[in-house]
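Descriptive structure summary
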Amino acid sequence: SIVSSGSATAALGVTATPIALIKSFTNDPVARGGTVDLEFTIANYNRSEAATAITFTDDLDATLSGLVATGLPQANVCGAGSQISGTSLLTLTGGNLAAEGQCTFTVTLQVPVGAAPGAYPNVTSALAADVGGSGVAGSPGGDILFVAPAPLLTKEFTDDPALPGGTVNLRFTI
């Protein structure tokens, strides 16, 4: 015989962010005194409204004292009229994306020669924009910068993929 013990219900609440910022140190770990690329991707998840006046800041000095951007300012990184500028404090201004649009741009950073090996968390301010005429905020973007002790050893296959039984070259870089 089957005995019922009642029923249960639950509600799942999902909060959608209309805009999002994702960032990544794309080529770390990095040696002290080396350069590392910091990639930013911004997405407008609104299906019918453009996102304008997109802005955020990223305090590099708060991550690692002496960490600075090189080659800035860069224009039109996230729509016409946008700009990423600064050295130890990065600022994106004037970003704009079409409905369901996204942009990706990269900033090269110089790691201080005296940096201690370790992990350095890096978090931006909240992403802000106007979507459909209303101000909205997205979550901050974050990643961890890994500074390696010198010397740094890397390896890569230079001619893959290979067929079964074939050969490949492996390059070591110190």
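Residues numbered from 1 in each chain as written. Predicted model: local features only at pLDDT ≥ 70, side-chain atom pairs only at ≥ 80, totals over all residues. Heavy atoms only, no water.

Concerning the pattern of salt bridges
Following the criterion strictly, the structure yields two salt bridges and no others. The shortest N-O distance in the salt bridge between Asp 58 and Lys 23 comes to 2.5 Å. Residue Asp 58 is located in strand S4 (residues 51-59), and its partner Lys 23 is located in strand S1 (residues 19-25); the two are separated by 35 residues in the primary sequence. Given the relative accessible area of 4%, Lys 23 is considered buried. A salt bridge links Glu 100 to Arg 47; the shortest N-O distance between them is 3.8 Å. (Salt bridge = Lys/Arg side-chain N within 4 Å of Asp/Glu carboxyl O. Helix = DSSP H or I, 4+ residues; strand = E, 2+ residues; numbered from the N terminus. Buried < 20%, exposed > 50% of the residue type's maximum accessible area, 1.4 Å probe, protein only.)

Some thoughts on the state of the cysteines
Applying the stated criterion to the full structure yields one disulfide. Two residues share a disulfide in this structure: Cys 78 and Cys 103, whose sulfurs sit 2.1 Å from each other. Disulfide Cys 78-Cys 103: torsion about the S-S bond near -85 degrees, hence left-handed. With Cys 78 in the loop between strand S6 (74-75) and strand S7 (83-85) and Cys 103 in strand S9 (residues 102-110), the pair connects residues that are 25 residues apart, well separated along the chain. Given a relative accessible area of 0%, Cys 78 falls into the buried group. Classification of Cys 103 by relative accessible area gives buried; the value is 9%. (Disulfide = S-S within 2.5 Å.)

Topic: the packing of aromatic side chains
What characterises a pair of aromatic rings is the spacing of the ring centres plus the angle enclosed by the ring planes. Summed over all chains, the structure comprises two aromatic pairs. Geometrically, the ring pair formed by Phe 40 and Phe 56 is tilted, given 5.2 Å between the ring centres and 40 degrees between the ring planes. Residue Phe 40 is located in strand S3 (residues 35-44), and its partner Phe 56 is located in strand S4; the two are separated by 16 residues in the primary sequence. An identical accessibility class is assigned to Phe 40 and Phe 56; each is buried. An angle of 25 degrees between the planes, with centres 5.3 Å apart, marks the rings of Phe 40 and Phe 105 as stacked. Pair noted here: Phe 40 is in strand S3 and Phe 105 is in strand S9, with a separation of 65 residues, a long-range link. Here Phe 40 matches Phe 105 in class, with each residue buried. (Phe/Tyr/Trp six-rings, centres within 6.5 Å; stacked < 30°, edge-to-face > 60°.)

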